[in-house]
Amino acid sequence: MDRLPAFYPLNDFGPLMKGMVIGGMGIVHVFLAQFAIGGGLLLCYFQRLASGGRDPLARRFIDGYFKALVLVSFVLGALTGVGMWLTAIQVSPRTIGVMVDEFHWVWATEWTFFCVEVVAGYAFYRCGVRLPDRSRMALLAMYSVAAWFSLFWINGILSWQLTPGAWVVRRTVWSGFFNPGFWPSLLYRTASSMTIAALIAFIVINAMPGFSSDERRGLIRRASNLMLPMLFMPALAVWYFLTMPADSRSWLLGGSPAMSLFLAGAAGSSMLLGGYALIGLVRQRLYINGATATTLTALAFSATACGEFVREGSRKPYTVREALYANSITPEEVKIARVAGWAGRDPYPLPDESAYPNSQLVLGGKVFRLQCGVCHTLDGANGLTHLVGTWSIEQRRMNLARLQHTKPFMPPFAGNADELEALVQFLGWHGAGRPRNWTRSNDEAARRSIQGWLDEAGTGPGTTPAAEAEREP
Amino acid sequence: MSEVFPFNFPVETAVYLFLLTLSWALHFFFVGYVVAGSVYLAAASLRRSNSGDADPIEAVVRDWMPSALGAAITAGVAPLLFVQVVYQVEFYTAGLLISTRFMLILPALITAFYLFYVQKTKRFANWRRPTRAGIALAALACVFFVGTTWMRVHWLTVNKSSWEDLGNPPLDFGNGHQALARGGVFFAAAILLGSAVVRAQLGSPGIGGSPLSGAARRLSRIMGFGMAAMIAALAGAAFVYRAWPGPWMALTARADQPYWVLMLVAVLIFGVFIPSRPEAARARLRARAQLLAAFFIAVALAGIREGLRSRFAMMSTLHPRHFSLAEKGGWAVFAAFAAVNAACIAAAIRIARSRCERQA
Ligand code: HEM
């Protein structure tokens, strides 16, 4: 038998869906990181304007903007970055483990750029005001290039999760890194970084004391130039969409209503923002006050949030396409689990195990923890009690055994018939309010039916017809 | 099987361990400043009057704390990566066993960051003493919380027998005593490292202003205390660790000897320079020698720490994993960019310093 992976003492997040927790942290981090990246480009642009004393306003603006960058992005941006590591370990240790194993040298390389970003940033923060233009430009350029390269490296890893491309066969770092989604995603994120940086510039311009309204107007006009790359964003989004696997595309186009709504949210917010920026700010040269700028920034945040949910959600049922399911079990391991069981090997006790009336329910609790808990809660968001509440016991047995066909964005069930029955019993017991006594189920006929459904469902993913067609050689 | 200095391990394991050790040393170098600085600021805030302007040590520390914390965090990311490479299962399990505390690292650091920024503001000096003390002590508490949480993580990575009891006993390796011993060494070393950096800052025009002899003398006393405390803590730790044959063998193993030598060299450098009159000639050279010695101490501690852990981890079982990871490729790109970016960092520091110094 293959070497089995380590089990981890996974924790329950109560009513919070684990995906929402990592997604929430990710959204804040991505937004702040994009502010830092776009901010670097924006500062270089203004420094060019300021060089040789040509535009003293630009120089003053840079110093004010940089303070905001340091206070917000250097603190919250950097720490939410660390937070992503810590949260990923809590949510799905095996997934982050696989990512580290594949790309540790890429991450190590990214860290060297992160160091440049921090050192150049702090050097500018501490001494920038006293430096001549050439030195300021040198520091800002270093900061900006390093920040953009952080995006370059991390983008390769994130896009690999959805579109691993040739890596599936070759399994080398660079075949995974330069995957089909790499370039559209990199360019899209660069454009969106510039937009976020410009929006925050509008807020800073309005908040900085000492500018007359004409001066503010001039600065706003210049900062809006950073939003011009938004023109390319629809084309880049379509390019990215076309690199996605067919089943992921189908979730977004109605296969999963939640995903379709997030996509609509991302597209709608971006279009509103783009329309205002290009028609109002660039063409009509409208003035934008602090309140409007803040509202537009909030809109950009919501576009980022929806976009990140789309990116995370469209990978389902995988976290690494073709290699690792969302519940951190590999396709090969599903086959092993069908014969030899899976959750039964989990050595870690459940937190309140002594309150369980029998060992079958304990096993069911472990099946839930290992296989369902990453995307579902029991009673909270996406709670299984609500989802299976109206199903008869037969329906539960069948739908869970045929999990990947019940909804193709779920992975196949990884376990044997006894484990599936344990899960069914656990859900029933929990739904009944966890009574003190609960009879063990020993229904041989039910076991045979479950086995039949499991065999019928197979161990592969439950792909959509579109995905099947794409798989055809 | 090839075995590579300074670790008696095959080359793949040795490279990853070396990077973990070196990057943790860098992390601890900055952590030293943050720990020592927050203790100093907390102590200063408890004094009757606000001596911020009068005390150049306090002024320089206050000014540099946010950047130092930023540096400690940035430097912490590299060992965070390499510990996942070398001890993946152990590290993840430890983080999951203390999940709430593990996640609280983030709010604690964010709070500490902003509290250090608050202490830099002009307004802070005008606040009442209890307010100032409250802020400085809260920042110190956050730093201590984070440091002790990492110690708990480390302890769980080596105490595998406690895992299936969700981090509770039985233990291979005692809890209270070793935590105290370890914490004592880290704390004392932090005081020594932090004061060495402040001394270099005070001696560096444009960073801390010119050294004032009173402050420099005080710094020498703090450094002397740090060194004595570190030696005492190391002796205490050796005494405690003797109770466990495994760790004791690791501490005295041949592979660990270079680190003990490095520690000795560092202590000698400090021993020679701490008593010297601070305003003596070539103060800057001396400050730099101490800075180097401080870094040696960080490396020595890092090496001894990893030597100790490798005893528990049964490295021979981890080697096949390291071997297959090393096969994946990408290290050459890392090496190339590490060199280029180190040059960029040096250039950025040179640009900033040249101008700051000229102005000073
Ligand atoms: C004020 C902030 C911090 C302090 C005082 C601090 C202190 C420490 C100490 C004392 C240790 C040694 C623990 C032991 O060996 O028992 C340690 C280890 C470590 N720290 Fe930090 N730390 C801080 C922030 C951070 C941050 C922000 C990160 C991540 C970005 C980090 C990453 C690490 C890692 C990865 C280890 C090694 C853990 C292991 O090897 O098991 N630290 N830290």
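Predicted model only: the values in this text are computed from it and were never measured. (Residues numbered from 1 in each chain as written. Chains lettered and ligands numbered in written order. Predicted model: local features only at pLDDT ≥ 70, side-chain atom pairs only at ≥ 80, totals over all residues. Heavy atoms only, no water.)

## Description of the packing of aromatic side chains
Residues and elements named next belong to chain A. In the structure shown here, the tally under the stated rule is 58 aromatic pairs over all chains. Where F74 meets Y122, the ring centres are 5.2 Å apart and the plane angle is 90°; that geometry is what we call edge-to-face. With a gap of 48 residues between them, F74 in helix α2 (residues 56-91) and Y122 in helix α3 (residues 93-127) connect regions that are remote in the sequence. For the pair F74 and Y143, a centre-to-centre distance of 6.0 Å together with 25° between the ring planes defines the contact as stacked. In this pair, F74 is assigned in helix α2 and Y143 in helix α4 (residues 133-162), connecting sequence segments 69 residues apart. For the pair formed by F74 and Y143, the shared burial category is buried. (Phe/Tyr/Trp six-rings, centres within 6.5 Å; stacked < 30°, edge-to-face > 60°. Helix = DSSP H or I, 4+ residues; strand = E, 2+ residues; numbered from the N terminus. Buried < 20%, exposed > 50% of the residue type's maximum accessible area, 1.4 Å probe, protein only.)

## Here's the deal with the confidence of the model for chain B
Residues at a pLDDT of 70 or more form 88% of chain B, whose mean pLDDT is 87. Two numbers describe this predicted complex: its pTM, 0.93, and its ipTM, 0.93. (pLDDT = per-residue confidence, 0-100.)

## Observations concerning the site of the ligand
In the vicinity of the ligand lie 23 residues, with W24(B), H27(B), R182(B), R305(B) and R309(B) positioned nearest. Chains contributing residues to the immediate surroundings of the ligand are chains A and B. Interatomic distance of 2.9 Å between a side-chain N/O atom of H27(B) and a nitrogen atom of the ligand. Between W150(B) and the ligand, the recorded distance is 3.0 Å, taken from a side-chain N or O atom to a nitrogen atom. Taken together, the elements giving at least two residues each to the shell around the ligand come down to α1 (11-46), α2 (56-86), α6 (129-158), α7 (176-202) and α11 (283-313) of chain B. (Near = heavy atom within 4 Å. Polar contact = N/O pair within 3.5 Å; in protein donor to acceptor, adjacent residues only side chain to side chain.)

## Observations regarding the domain arrangement of chain A
Residue and element names in this part refer to chain A. On domain assignment, one finds that chain A holds domain 1 (18-324) and domain 2 (340-471). Just the C-alpha atoms count here: the centres of domain 1 and domain 2 sit 39 Å apart. Facing 18 residues of domain 1, the contacting portion of domain 2 comprises 15 residues. Buried surface at the junction of domain 1 and domain 2, summed over both partners, amounts to about 1,200 Å²; 63% is from carbon and sulfur atoms. For the domain 1 face of the interface with domain 2, the top three residues by lost area are A246, W251 and P317, together amounting to 37%. Between domain 1 and domain 2 we count 0 salt bridges in total. Counting only elements with at least two residues in the side of domain 1 that touches domain 2, the list comes to α1 (18-50) and α10 (246-255). Across the side of domain 1 that touches domain 2, the residue classes tally to 8 nonpolar, 4 polar and 6 charged. (Domains from an automatic or database assignment. Contact = heavy atoms within 4.5 Å. Buried area = accessible area lost by both parts, 1.4 Å probe. Salt bridge = Lys/Arg side-chain N within 4 Å of Asp/Glu carboxyl O. Nonpolar A, V, L, I, M, F, W, Y, C, P; charged D, E, K, R; others polar.)

## Things to note about the coordination of the iron atom of the ligand
Just one protein atom donates to the iron atom of the ligand; it is H27(B) (NE2), sitting 2.2 Å from the metal. Along the polypeptide, H27(B) turns up in helix α1. (Donors = N, O, S within 2.8 Å, 3.2 Å for Na, K, Ca; no water.)

## As for the pattern of salt bridges
Scanning the entire structure with this criterion turns up 29 salt bridges over all chains. Several salt bridges converge on common partners, so that one network encompasses R189(A), E308(A), R311(A), E312(A) and R315(A).

## Thoughts on helix α9 (residues 233-243) of chain A
Residues and elements named next belong to chain A. Inspection of α9 places M233, L236, Y240, F241 and T243 among the buried residues, and these make up the whole buried set. In an axial view of α9, the angular spread of the buried residues amounts to 160°, which keeps them on one side of the axis. Of the exposed residues in α9, those oriented more than 90 degrees away from the buried face are P234, A235 and L242. Close packing links the buried residues of α9 with α4, α7 (182-207), α10 and α12 (290-313). (Arc of directions from axis to C-beta.)

## Observations regarding the side chain of T304(A)
Among the secondary structure elements, T304(A) is positioned in helix α12. The class of T304(A) is buried, set by a relative accessible area of 11%.

## Side note on the interface of chain A and chain B
Across the contact, 57 residues belong to chain A and 63 residues belong to chain B. Note on chain A versus chain B: buried area summed over both sides is about 5,600 Å², and carbon and sulfur give 75% of it. Applying the counting rule to chain A against chain B returns 3 salt bridges. With a closest N to O distance of 2.4 Å, R126(A) and D63(B) form a salt bridge. Seen at the junction of chain A and chain B, the total is 12 residue pairs in polar contact (both at pLDDT 80 or more). For the side of chain A that touches chain B, the elements supplying multiple residues, two or more each, are α2, α3, α4 and α6 (173-177) of chain A.

## Some thoughts on the nonpolar core
Core analysis: the largest hydrophobic core is formed by 246 residues, its most contacted members being F61(A), Y65(A), F202(A), F270(B) and I297(B). The element that contributes the greatest number of residues to this core is α3(A), accounting for 19 residues. When residues are assigned to domains, this core turns out to be shared by domain 1 (18-324) and domain 2 (340-471) of chain A, each giving three or more. Look past the residues within four positions of F202(A) in its chain and what remains in contact with it is I220(A), A223(A), S224(A), M227(A), L281(A), I288(A) and A293(A). Counting 8 residues, the second largest nonpolar core, distinct from the first, contains L162(A), F241(A), M244(A) and L252(A). (Core = buried A, V, L, I, M, F, W, Y, C linked by side-chain atoms within 4.5 Å.)

## Topic: the environment of L219(A)
All names here are of chain A. Following the sequence through the fold, L219 ends up in helix α8 (residues 213-224). For L219 and L57, which are 162 residues apart along the polypeptide, the C-alpha to C-alpha distance reads 7.9 Å. Not counting chain neighbours up to four residues away, the residues in contact with L219 comprise F46, L57, A58, F61, I205 and F211.

## Quick notes on the environment of M259(A)
Following the sequence through the fold, M259(A) ends up in helix α11 (residues 257-283). If sequence neighbours within four positions are ignored, M259(A) has contacts with W251(A), L252(A), F309(A), V310(A), G313(A) and S314(A).

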